[in-house]
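Each chain is listed here by its residues.
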Amino acid sequence: MNDHIDTQCLQASDAAHHLHPFADYSQKHQQISRVIVKGEDIYVWDSEGRRLLDGMAGLWCMNVGYGRKRIADAVHAQMTRLAYYNTFFHTTHPPAVELAAKLVEISPPQFNHVFFAGSGSEGNDTVVRLVRHYWAKQGHPERKIIISRHNAYHGSTMAGASLGGWPSMHQQGDLPLAGIVHIGQPSYLEGGRGKTPEQFGLEAASWLEHKILELGADKVAAFIGEPVQGAGGVIVPPPTYWPEIQRICGKYGVLLVADEVVTGFGRLGHWFGSTYFGIQPDLITFAKGVSSGYVPLGGVLVGDRIAHALMAKGGEFNHGFTYSGHPIGCVAALENIRIIEEENLVAQVRDDTGPYLKQRFEALAQHPLVGDAGAVGFLGGLNLVRHKGATVHDNVPFDRALEVGMLCRAHMFGSGVIVRTIPGDRLLISPPLTMTRAQIDEMIALITTGLDKTLAELKQRGWA
């Protein structure tokens, strides 16, 4: 596989010219990039011929897996027919029209309109503009404030990073932008000591009501949340959380926005995670799984409450992107959705492989190094701990300076599986939805090997 690939030359050129996302450039020449050259099914290969099981589906996005010739053929055919045209100035093209109709068909019933963007970040920029434009058209321009959550991730544009709740992002660029505030996240592990999950879910939801009353309901425009917080750590809220959030938003007339960039298109065993949690948002941000990452595409599903009001009030919505509804992205998404439907992946994750993955992944909590492990659909997260306590709230973590999570991730790579680590020594998975039970077993075995190697090294160093 690597006969015609000069790995060292590529790595040197990468170090010389490529500024990577979320990277410390002072360490640029000390961090040698792994060169990925091929993907097939749930696996990728690097330039040295090593095969890796991709437990992160690229970056939460390769829902139908790698190597789908059907998508490539659809993209090629569209490129030769019409490679690009814009959707400005009352112009359209068949792929955008067909995809909009298809998204309406598979989305919850309150959605009959779609606004296209190029990514989830652009989608969440659109959300900010739409929400404030809606309230201005309703005669309430003072309703500008959008409430989000600490540790949420909503993209890395100025508006997306502001909606997100990461201090490390806010420190760069004088963020958040005015009118965006944050409340606590519904992490039972973080704040549920002494409470049942159901009690904590209601308490965490109450923080939204307290914030609305603090700011003034007449000033609050919307609340935005990921059904399951993805990059923040695969934080699954207790079952009482989202119904209570829905009730509070309804009580105060606040718009509810679901960021489904990660949870959309089957990842939780439903087309959208909102359905899994039984909520009815006014807006849904989508990206990633809509095209399984084959071509960049994102956008916003616009609920009837907003769409009908904007149509009735009139006036131009001064917002859009050169690549809104790009024909290549749209045909890739259409073919991707056909594959999901034909292979029955949504129901498969809901009824078969999702419950099996949950069973196998959560059994990892028996490992001496794992303090807790949880999964929903095809998302999972586990915490590495120095000592286990009587409950998950009594676990003793490692000193963060030791970066045990990064050490474990390296051992995972060495064992042949890709996972993600975040601060706090938490490891995450988000595998392709095509994964079979046998492949789930394979992934769990590789993860277990990586944990065993990590534990052995920690003992050797005297850290465990």
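For the structure itself, consult the block above.
Parameters and conventions
- Residues numbered from 1 in each chain as written.
- Predicted model: local features only at pLDDT ≥ 70, side-chain atom pairs only at ≥ 80, totals over all residues.
- Heavy atoms only, no water.
- Phe/Tyr/Trp six-rings, centres within 6.5 Å; stacked < 30°, edge-to-face > 60°.
- Helix = DSSP H or I, 4+ residues; strand = E, 2+ residues; numbered from the N terminus.
- Buried < 20%, exposed > 50% of the residue type's maximum accessible area, 1.4 Å probe, protein only.
- Axes fitted to C-alpha atoms, helices over the stretch in contact; angles between N-to-C directions.
- Left-handed = near helix turned anticlockwise from the far one by under 90°.
- Contact = heavy atoms within 4.5 Å.
- Nonpolar A, V, L, I, M, F, W, Y, C, P; charged D, E, K, R; others polar.
- Lys, Arg positive; Asp, Glu negative; His and termini not counted.
- Salt bridge = Lys/Arg side-chain N within 4 Å of Asp/Glu carboxyl O.
- Pairing = 2+ DSSP bridges.

Things to note about the packing of aromatic side chains
Reasoning step 1: Summed over the entire model, instances satisfying the criterion amount to 16 aromatic pairs.
Reasoning step 2: Between Phe115 and Phe317 the ring centres are 5.9 Å apart and the planes differ by 75°, which places this aromatic pair in the edge-to-face class. Here Phe115, found in strand S4 (residues 111–117), pairs with Phe317, found in the loop between helix H12 (304–313) and helix H13 (327–342); they are 202 residues apart in sequence, far enough to count as distant.
Reasoning step 3: Given a relative accessible area of 19%, Phe115 falls into the buried group.
Reasoning step 4: Among the residues examined, Phe317 registers a relative accessible area of 21% and is labelled partly exposed.
Reasoning step 5: A network of ring pairs unites the aromatic residues Phe265, Trp271, Phe272 and Phe286 as a single cluster.

Quick look at unusual backbone geometry
Reasoning step 1: A cis amide bond, omega 0°, links Leu175 with the succeeding residue Pro176.
Reasoning step 2: With respect to the element layout, Pro176 can be found in the loop between helix H7 (167–170) and strand S6 (180–183).
Reasoning step 3: In this model, Ser292 sits at a positive phi of 50°, which is unusual for a non-glycine residue.
Reasoning step 4: What makes Ser292 buried here is its relative accessible area of 0%.
Reasoning step 5: If you check the backbone angles, Asp425 has positive phi at about 60° while not being a glycine.
Reasoning step 6: Summarising the element assignment, Asp425 is placed in the loop between strand S14 (420–422) and strand S15 (426–429).

Some points on the packing of helix H4 (residues 94–106) against H13
For any two helices packed against each other, the geometry is given by the interaxial angle and the distance between the axes.
Reasoning step 1: Relative orientation of the contacting elements H4 and H13 amounts to 35°, with a least axis distance of 8 Å. The chirality of how H4 crosses H13 is left-handed. Along its contact with H4, which presents Pro95, Ala96, Glu98, Leu99, Lys102, Leu103, Glu105 and Ile106, the element H13 presents Pro327, Cys330, Val331, Ala333, Leu334, Ile337 and Glu341.
Reasoning step 2: Each residue belonging to the contact of H4 with H13 can be placed in one class, and the counts come to 11 nonpolar, no polar and four charged.

A look at the side chain of Glu260
Reasoning step 1: Relative to the elements of secondary structure, Glu260 occurs in the loop between strand S8 (255–259) and helix H11 (273–277).
Reasoning step 2: The charged side chain of Glu260 is buried without a salt bridge, its nearest counter-charge being Arg267 at 9.9 Å.
Reasoning step 3: Setting aside its immediate chain neighbours within four residues, Glu260 contacts Pro227, Phe272, Gly273, Ser274, Ile284, Thr285 and Phe286.

Points about the pattern of salt bridges
Reasoning step 1: Scanning all chains against the criterion turns up 24 salt bridges.
Reasoning step 2: Here Glu214 ties to Lys211 by a salt bridge, and the two come within 3.4 Å at their closest N and O atoms. With a gap of three residues between them, Glu214 and Lys211 both fall in helix H9 (residues 197–215), about one helical turn apart.
Reasoning step 3: On the accessibility criterion, Glu214 (57% relative accessible area) is exposed.
Reasoning step 4: With a closest N to O distance of 2.5 Å, Arg360 and Asp441 form a salt bridge. Separated by 81 residues along the polypeptide, Arg360 in helix H14 (residues 345–362) and Asp441 in helix H16 (residues 437–461) bring together distant segments of the chain.
Reasoning step 5: We classify Arg360 as partly exposed; its relative accessible area is 25%.
Reasoning step 6: Through salt bridges with shared partners, one network takes in Arg70, Glu335, Arg338 and Glu342.

Examining the environment of Ala74
Reasoning step 1: With respect to the secondary-structure elements, Ala74 resides in helix H3 (residues 69–81).
Reasoning step 2: For the pair Ala74 and Val331, spaced 257 residues apart in the sequence, the C-alpha separation amounts to 6.4 Å.
Reasoning step 3: In contact with Ala74, other than residues within four places in its own chain, are Val331 and Glu335.

Thoughts on the side chain of Thr7
Reasoning step 1: With respect to the helices, strands and loops of the structure, Thr7 is situated in helix H1 (residues 7–17).
Reasoning step 2: With relative accessibility at 9%, the residue Thr7 sits in the buried group.
Reasoning step 3: Filtering out sequence-adjacent residues up to four positions away, Thr7 remains in contact with Val35, Ser47 and Glu48.

What to know about the pairing of strand S11 (residues 370–376)
Reasoning step 1: The element S11 is extensively covered by neighbouring structure, given that six of its seven residues are classed as buried.
Reasoning step 2: Inspection of the sheet shows S11 paired to strand S12 (residues 379–384) by six bridges, in the antiparallel sense. Paired with Val376 across the two strands is Leu379, which belongs to S12.
Reasoning step 3: The hairpin formed by S11 and S12 contains two residues between the paired strands, and Gly377 there has a positive phi angle of roughly 55°.

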